[in-house]
Amino acid sequence: MSKTNVLICDDSGFARKQMARAIPDGWDVDIHYAEHGEQALEQIRAGNGDVMFLDLNMPVMDGYETMDVIRREDLPCLVIVVSGDVQEEARSRMLAMGALDFIRKPIDNEKLITLLKQYGIYTGDGNAEKRKKVNLLAASSENEKFDAYREMVNVAMGRAGENLASLLGEFIDLPIPNVNVIENNELHMAIAEVNRNNSVSAVSKGFVSAGINGEALVIFNDTDFDNIVELLNYDQLSAAPAQLEALMDISNILIGACLNALSDQLNVTFSHSSPIILGRNRDLDSMLTTTKQRWQRIMAIEIGYAIKHKNIHFDLLLLFPDTSMERIYSRLVDIEE
């Protein structure tokens, strides 16, 4: 019996290794890889994609665009979506285009095997404890570490987007997270894209556990507040209380879901400080003076959420001191090993 050609399409090398490691040993496969949709389509046309595990948020060509081409060209490939974006609309859109099923990142090995057996793709006796041995410890260069950080945040970002979509009843557009390590006096450069407007409002919450500490900030351009207040049906309140209510509610949803997802991936339980309003109707750089004075080097992760048809944009900024970075990476690798 010929081997099954399995194609793993994800822009994250760390995520590709995680997915390859989740494939049961009892499944006779040849594994192929793609970093985005265009590469995946080339592999499928070359006969290397009997079954594809497909991410959604990728550069060049994302999962939606890739699935659309597969459907239009009737390419011979069974597609299982593996994504941090688990919004109900994302799932419905991909299933409507012909995907078999939708798996949440990070991979649950038992659920993966159950799903593969359900569709008759894999009929072996593999179990969650017996997996392909893919060496994640080999990822030791700075670029590979950044890739691991980005994938960790991608999962957390998707969890927060799912919660926000449920609250608002809207589809949340999710980006590829932007990760930078900078000196404290360069923080203004990292937030240049975030601070698109001279007038912003921001909420901050600190967190700490197992030697890992950081700060999460939700940043609103003040020009978007009217649309946010209307979406939340807070327009029965006067302007200032409505804006404050919207600011705190969305911040609590985003930060809480994101930190819970980080906790799950790192196997830690974060202690949270109470959320504080850093400022209203101010320049963002001026709000971060305390953070810049407290930490010498910072890993800054920017996530830009959007509800495009409502013209609403807000950003989640995660800041970690460099002393936390190695601990984060070590826990990610240790857990996977």
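Here's a quick rundown of the structure.

Reading the values: the criteria
Residues numbered from 1 in each chain as written. Predicted model: local features only at pLDDT ≥ 70, side-chain atom pairs only at ≥ 80, totals over all residues. Heavy atoms only, no water. Helix = DSSP H or I, 4+ residues; strand = E, 2+ residues; numbered from the N terminus. Buried < 20%, exposed > 50% of the residue type's maximum accessible area, 1.4 Å probe, protein only. Contact = heavy atoms within 4.5 Å. Axes fitted to C-alpha atoms, helices over the stretch in contact; angles between N-to-C directions. Parallel < 35°, antiparallel > 145°, perpendicular 65-115°, else oblique. Left-handed = near helix turned anticlockwise from the far one by under 90°. Nonpolar A, V, L, I, M, F, W, Y, C, P; charged D, E, K, R; others polar. Pairing = 2+ DSSP bridges. Disulfide = S-S within 2.5 Å. Core = buried A, V, L, I, M, F, W, Y, C linked by side-chain atoms within 4.5 Å. Right-handed = clockwise from strand over helix to strand, strands pointing away.

## Details of the overall build of the chain
Along its length, the chain carries 12 helices and 12 strands. Out of the 337 residues in the chain, the part that is buried amounts to 56%. A sequence separation of at least 24 residues applies to 73% of the contacts in the chain between residues at least 6 apart.

## Points about the packing of helix α2 (residues 37–45) against helix α3 (residues 63–73)
How two helices pack is summed up by the angle between their axes together with the distance between the axes. Taken N-terminus to C-terminus, the directions of α2 and α3 make an angle of 30 degrees; their axes are 9 Å apart at the nearest point. Taken together, the axes of α2 and α3 lie roughly parallel to each other. The crossing of α2 and α3 is right-handed. Taken together, the residues of α3 that come into contact with α2 (itself represented by Gly 37, Leu 41, Ile 44 and Arg 45) are Thr 66, Val 69, Ile 70 and Glu 73. The class makeup of the residues in the contact of α2 with α3 is four nonpolar, two polar and two charged.

## So, the sheet that holds strand β4 (residues 78–83)
Judged by pairing direction, the sheet is parallel, and its five strands sit side by side in the order β2-β1-β3-β4-β5 without closing on themselves. A single partner strand is all that each edge strand has here, and the edge strands are β2 (29–34) and β5 (101–104). Adjacent strand axes in the sheet meet at a mean angle of 20 degrees, parallel and antiparallel pairs treated alike. Note: strand β3 (residues 51–54) against β4, four bridges, orientation parallel. Its bridge partner lying in β4, Val 51 is registered against Leu 78. Packing against the sheet, α2 makes contact with β1 (4–9), β2 and β3, and its axis sits at approximately 170 degrees to β1.

## Overview of the state of the cysteines
Taken as a whole and judged by the stated rule, the model has zero disulfides. Cysteine Cys 77 shares no disulfide, and the gap to the nearest cysteine sulfur, in Cys 9, comes to 9.8 Å.

## Brief notes about the nonpolar core
Among the nonpolar cores identified, the biggest contains 57 residues, and Tyr 305, Phe 314, Leu 316, Leu 318, Phe 320 and Ile 328 are the most heavily contacted of them. At the level of secondary structure, the elements contributing two or more residues to this core comprise α6 (142–168), β7 (200–209), β8 (212–221), α8 (225–231), α9 (239–266), β11 (297–307), β12 (312–321) and α12 (322–336). At 13 residues, α9 tops the list of elements feeding residues into this core. Setting aside chain neighbours within four positions, we find Leu 316 in contact with Ala 216, Leu 217, Val 218, Leu 254, Ile 255, Cys 258, Ile 301, Glu 302, Ile 303 and Tyr 305. Leu 7, Leu 54, Val 69 and Phe 102 belong to the second largest nonpolar core, which has 26 residues in total.

## Quick word on the pairing of β4
Summarising burial for β4: five of the six residues are buried, a large majority. The parallel pair β3 and β4, bridged by α3, forms a crossover whose chirality is right-handed. Here β4 pairs with β5 via four bridges, running parallel. Counterpart to Ile 80 in the pairing with β5 is Asp 101. On the question of chirality, the crossover connecting β4 to the parallel β5 by way of helix α4 (residues 88–96) is right-handed.

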